[in-house]
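A structural walkthrough
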Amino acid sequence: MVADSVDNIFPEALQEWDLARLYADLERISTKELKPIEKACLRGLLCRYRPGQIAYKLSWTSGALRVELNKGLYRYVEALANQPPNTLRWEKISEWLSQYRYPDRRSVPQTTPIDWGEAPEVPQFFGRRDELQTLEQWIIHDRCRVVGIWGMGGIGKTALAVKLVEKISHHFQLVFWRSLRHVLPLAQVIEEWNQTVKNDRGQLIDAFRNQRYLLVIDDFEAILQDGELSGSYRPSCESYGNLIHRLGAERHQSCVLILSREHPKELLLLQGEDLPVRSLKLKGMQTQDAKELLLSKGFNPQTSGIEELIQQYRGNPSALKIVALTIHELFNGNIAEFLRQTSLNLGDVLRSLLYEQFSRISDLEKDVLYWLALKRRPIELTELRQDMEITTTGSELLDALESLRWRSLIEKTTDTQVKFMLEPVVMKYVNQKLIDEVNKEVTLMIQTKSLAHTYFLQHFPLVEDEAPDNIRAVQIRLMLKPIKDRVNQLLSKTKTPMEELQKIIKDQITTERLENNMVLLGLRLDTQSELSTT
Ligand SMILES: Nc1ncnc2c1ncn2[C@@H]1O[C@H](COP(=O)(O)OP(=O)(O)OP(=O)(O)O)[C@@H](O)[C@H]1O
Ligand SMILES: [Mg+2]
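A brief look at the structure comes next. Given the structure is predicted, the values throughout are model-derived calculations rather than measurements.

1. Some words on the overall build of the chain
When you go through the chain residue by residue, the secondary structure sums to 27 helices and 9 strands. For 534 residues, the compact-globule estimate of 2.2 N^0.38 gives 24 Å, and the C-alpha radius of gyration of the chain, at 30 Å, exceeds that figure by more than 25%. By principal-axis analysis of the C-alpha atoms, the chain measures approximately 105 × 55 × 45 Å. By residue count, 51% of the 534 residues in the chain fall in the buried class. Surface exposure of the chain reaches about 26100 Å², of which carbon and sulfur atoms provide 48%. Distance between charge centres in the chain, computed from 69 positive and 73 negative side chains, equals 4 Å.

As C-alpha cells, then:
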C-alpha cells in the first residue's frame, strides 16, 4: 500500500483529536518519527475501530498488524499515559489519551492563521452536509490543487466556503481569502499575500510548493469579461487565468478555492474525476434545509405553501430570504397569498442580483434568454435556431447556450433529447425585462409615430402561433396584456386616435413578425386574426 493512501485513512480523527500534539509527544517518547502505518492505526483506534477492522482497511492481516502495534505504538502510548508496560487494551486508548481530545469542537484551538479579507460572517447556516463532505474529500483527502464552486447569484457559494474554511483550516499553514468584487488586480492580491505570509517576494507557486496553504478567491466572475462568452478575462486580468492554469497543472501542496457565478474556463479544461482540479456546481438547498431557513425567518411549520415557495425559488437561500421579508411585510406572513398574487413579482434585491448578471452577457446570449423566456418550455436547439432565424450552421448558438449554462442562467434537460430552458427564477426576471424593453419601444413608436427604432417588435413574437394552448394563454396574460395596456394608456395620454396611428405605421411594416405583433396590439387591422386578448 502506498504511503499516501495510508495518510488518508481515518481522517475523522482530526475532528476530535489534537493529532499534531499527540504525534509529537509520542515521537518524543519513541525518539523516532512515527511510521505512516502507526499514525493510521492510532487514528483508527481513537475513532474506536477494532484492530481487526483497521487491518482490513489497511489490507494487512490482523496478526501482522498486532505484531507491528505491540512492538511500537502500544508501548509508546503506555509510556505517554504513565501506565505499566504491556497493559494496554485497544479499547483503552481513547480514555488514556483523553487529554488530547478537543474539549468541544467549537473551542478547537485556532492555530491556523486566517486572513479573511472581506469574507462575511455566516452566523446562520443550514444543511449542505453533502457539499461540505465532497469538498473536504477533494481538498483534504484527494489533495486537489484547484477547486471551483460555481452557481447562480445568491445560491450560497460564499456561505458554504466560509463554513468549509472553518472546518478544514487546521490542515493548512495559513488561509488567505480575497474577493475580486472590486476587480482587484492579481499584483495587488500577491502583494497582500506576501505581506500576510511575510514572504520575501518569492513566486506564489514556490510558496505553494513549500507549505500547505489555502487560497480562497471569491467573486471570481468580476474579472471575467462583460458581454463575452463565458470564460474570457477582462483585459488586465488575464494573469489570473495563467495563475490558475499553473496552480492546476504543476505540482505543489496547496489549494486554491475559486467561487464564481460563472465557470472559469481553466477549470473546465483541467478538471476531471481523477485529476487534482475539480468543480462543484452548487444547486439550491434541499427542501428540508430551506424549510429550516424559512422557519428561522418567523414562519411556522404548518404555514401552507412553504414547500411551493421553496420549489418556486429553487431553494435559492438569497431569494428565499428576500421573499420571506416581502411576505411578512406585504402579505402578513401568508405565503399562499403571496404565491397567488405574485406570479411576476420578484423582490427588488433578487432582481438587482440577476440584473447584474444579465448586464454582463453578450447580445446573442441575451436574445437566447429572451427567446427561452418567451417560449416558457424546454426547447431543442434546432427549434431555437429556427425561431431565432439563425441560418448559419456555425456553433455560435451552441456556444451561447453552453455559456449561459456555465453562468447558471439556463438548465439543460436530457429526458429523450437535449433541451434548454430557463431557471425559474431567471424566467420571471427575463420575462419582465422583455416586457420593459418592448414597452420602451412602443412608447417611442407612439411618440415618434415611427417604427424605425424597433428591434424587439421586429424579432420576437409577443404570442407564438404554434405554442400549445396553455402556453399561449400564459403568453397572452403575462406578455401581451401588459404591453397592450401600455399602448392604450399612451394613446389616451397623447390623445392619439388608434386609427391615425394605424394609418401612419401601416406602410412602415416590413416583416411578418412585426406585422403580427402590430395586429396583436391592435395597431394593425387583420380581419383574419381570431386571437382575442380579453
Ligand atoms: N446554507 C445556508 N443556510 C442559511 N443561509 C444561507 C445558506 N447559504 C447561504 N445563505 C444565505 O443566503 C445569502 C446568499 O448566500 P451567499 O452570499 O453565500 O451566495 P453566493 O452564491 O455567494 O452569491 P453571490 O454570487 O452573489 O456571491 C446570504 O445571506 C447567506 O448567508
Ligand atoms: Mg458570494
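Now, onward.
2. Focus: the pattern of salt bridges
Close approach of charged atoms lets side chains of opposite charge pair. Under the criterion given, the structure shown has 31 salt bridges. A salt bridge links Glu136 to Lys167, with the nearest nitrogen and oxygen atoms 2.5 Å apart. Highlighted residues: Glu136 in helix α9 (residues 129-141) and Lys167 in helix α10 (residues 157-168), separated in sequence by 31 residues. On the accessibility criterion, Glu136 (10% relative accessible area) is buried. Of the charged contacts, one joins Glu437 and Lys440 as a salt bridge, the two residues approaching to 3.6 Å between their closest N and O atoms. Placement of the pair is Glu437 and Lys440 together in helix α23 (residues 424-448), with a separation of 3 residues, close to one helical turn. Residue classification places Glu437 among the buried residues on the basis of a relative accessible area of 17%.

3. Remarks on the packing of aromatic side chains
For the structure shown, the criterion picks out 14 aromatic pairs. Summarising the aromatic geometry, the rings of Trp193 and Tyr213 are spaced 4.8 Å apart at their centres and angled 85° between planes, so their arrangement reads as edge-to-face. Linking Trp193 in helix α11 (residues 186-197) with Tyr213 in strand β4 (residues 213-218), this pair joins segments that are 20 residues apart in sequence. Here the aromatic rings of Phe456 and Phe460 are separated by 5.5 Å at their centres, their planes lie at 25°, and the arrangement is stacked. Accessibility expressed as a relative area gives 10% for Phe456, which makes it buried. Residue Phe460 is classed as buried on the basis of its relative accessible area, which comes to 3%. An aromatic cluster of at least three residues, connected via ring pairs, comprises Tyr370, Trp371, Tyr455, Phe456 and Phe460.

4. Focus on the sheet that holds strand β5 (residues 255-260)
Read across the sheet, 6 strands follow the order β1-β3-β4-β5-β2-β6 without closing on themselves; strand pairing throughout is parallel. Each edge of the sheet is formed by a strand with only one pairing partner; in this case those strands are β1 (114-115) and β6 (277-281). Pairing analysis gives 5 bridges linking strand β2 (residues 146-150) to β6, with the strands arranged parallel. Note that in β6 the partner of Val146 across the bridge is Val277. The strands that α9 touches are β2, β5 and β6; relative to β6, the one it contacts most, it runs at about 175°.

5. Thoughts on the nonpolar core
Within soluble globular proteins, side chains that are nonpolar tend to cluster in buried spots. Among the nonpolar cores identified, the biggest contains 80 residues, and Leu257, Met518 and Leu521 are the most heavily contacted of them. Residue contacts for Leu257: discarding those within four places in its chain leaves Ile139, Val147, Ile149, Ala161, Leu164, Leu214, Leu215, Val216 and Ile217. One finds Ile37, Tyr76, Leu88 and Trp90 within the second-largest nonpolar core, a separate group that totals 33 residues.

6. Some details on the sheet that holds strand β7 (residues 379-380)
Consider a sheet: its strands pair through backbone hydrogen bonds, and that pairing is either parallel or antiparallel. Taking strand neighbours across the sheet as the criterion, the 3 strands line up as β7-β9-β8 in an open arrangement whose pairing is antiparallel. Strands at the two margins of the open sheet, each flanked by one partner only, are β7 and β8 (410-413). Summarising the sheet, β7 and strand β9 (residues 419-422) pair through 2 bridges and their orientation is antiparallel. Among the inter-strand pairings, Ile379 is bridged to a residue of β9, identified as Phe420. Set on the sheet, helix α20 (residues 363-375) makes contact with β7, β8 and β9; between it and β9 the angle comes to about 85°. Its contacts with the sheet place helix α22 (residues 396-406) against β8 and β9, and it is angled at close to 110° to β8.

7. A look at the site of ligand 1
Close contacts around ligand 1 come from 19 residues, with Lys157, Thr158, Ala159, Arg261 and Lys321 the closest. At a separation of 2.8 Å, an oxygen atom of ligand 1 approaches a polar side-chain atom of Thr158. Protein chains shield 84% of the accessible area of ligand 1, which is 630 Å² for the free molecule. Taken together, the elements giving at least two residues each to the shell around ligand 1 come down to α10 and α17 (317-331). Of the residues assigned to the shell around ligand 1, the class counts are 8 nonpolar, 6 polar and 5 charged. Counting only domains with at least three residues in the shell around ligand 1, you end up with domain 2 (114-281) and domain 3 (287-353).

8. Some words on the environment of Pro378
Mapped onto the secondary structure, Pro378 falls in the loop between α20 and β7. In this structure the C-alpha to C-alpha distance between Pro378 and Glu411, which are 33 residues apart in sequence, comes to 8.9 Å. Residues within four places of Pro378 in sequence aside, it is in contact with Thr413, Lys419, Phe420 and Met421.

9. Brief notes about the environment of Lys506
Inspection of the secondary structure assignment puts Lys506 in helix α26 (residues 498-506). Along the sequence, Lys506 and Leu444 sit 62 residues apart, while their C-alpha atoms lie 16 Å from each other.

10. Structural notes on helix α15 (residues 287-296)
An α-helix turns once every 3.6 residues. As a result, residues three or four positions apart point the same way. Considered for burial, the residues of α15 that qualify are Asp289, Ala290, Lys291, Leu293 and Leu294. Structurally, α15 contributes buried residues whose contacts are with α9, α16 (306-312) and α17. A positive backbone phi angle near 95° is found at Gly298, which sits one or two residues after α15.

Conventions used here
All residue numbers refer to position in the chain's written sequence, counted from 1. Going through the entries in the order they are written, you letter the chains from A and number the ligands from 1. In keeping with the predicted nature of the model, local features appear solely for residues at pLDDT of at least 70, side-chain atom pairs appear and are counted solely at 80 or more, and the whole-chain, interface and lining totals rest on all residues. Here the side-chain values reflect all heavy atoms present in the structure, with hydrogen atoms and water set aside. Secondary structure follows DSSP: runs of H or I at least 4 residues long count as helices, runs of E at least 2 residues long count as strands, and numbering of each begins at the N terminus. Each radius of gyration is computed over the set of C-alpha atoms, and the globule rule expresses the reference value as 2.2 Å times the number of residues to the power 0.38. When a residue's accessible area, from a 1.4 Å probe over protein chains only, is under 20% of the maximum for its type it is buried; when over 50% it is exposed; and in between it is partly exposed. Each accessible area value is a Shrake-Rupley result obtained with a 1.4 Å probe; residue values ignore everything except the protein chains displayed when judging cover. Residues scored as positive are Lys and Arg, those scored as negative are Asp and Glu, and His as well as the terminal groups of each chain are ignored. To locate a charge, take NZ of a lysine, CZ of an arginine, CG of an aspartate or CD of a glutamate. The term salt bridge refers to a pairing of a side-chain nitrogen on Lys or Arg with a carboxyl oxygen on Asp or Glu at a separation within 4 Å. Aromatic pairs are defined between Phe, Tyr and Trp rings, using the six-membered ring for Trp, whenever the two ring centres lie within 6.5 Å; interplanar angles under 30 degrees are classed as stacked, those over 60 as edge-to-face, and all others as tilted. When DSSP finds two or more bridges between a pair of strands, those strands are recorded as paired. What makes two residues a contact is simply this: any of their non-hydrogen atoms within 4.5 Å. As a rule, the C-alpha atoms of each element are fitted with a line to give its axis, helices using only the stretch in contact, and angles between N-to-C directions run from 0 to 180 degrees. Take the buried Ala, Val, Leu, Ile, Met, Phe, Trp, Tyr and Cys residues and link them wherever side-chain atoms come within 4.5 Å; each set so joined is a nonpolar core. Residue proximity to a molecule or strand is established when one non-hydrogen atom of the residue lies within 4 Å of it. Counting of polar contacts relies on pairs of N or O atoms within 3.5 Å, with two restrictions inside protein: one atom must be capable of donating a hydrogen and the other of accepting it, and residues adjacent in sequence are counted only when both atoms are side-chain atoms. Each residue gets one label: Ala, Val, Leu, Ile, Met, Phe, Trp, Tyr, Cys and Pro are nonpolar, Asp, Glu, Lys and Arg are charged, and the others, such as Gly, are polar. In this document the domain limits rely on a domain assignment from an automatic tool or a database.

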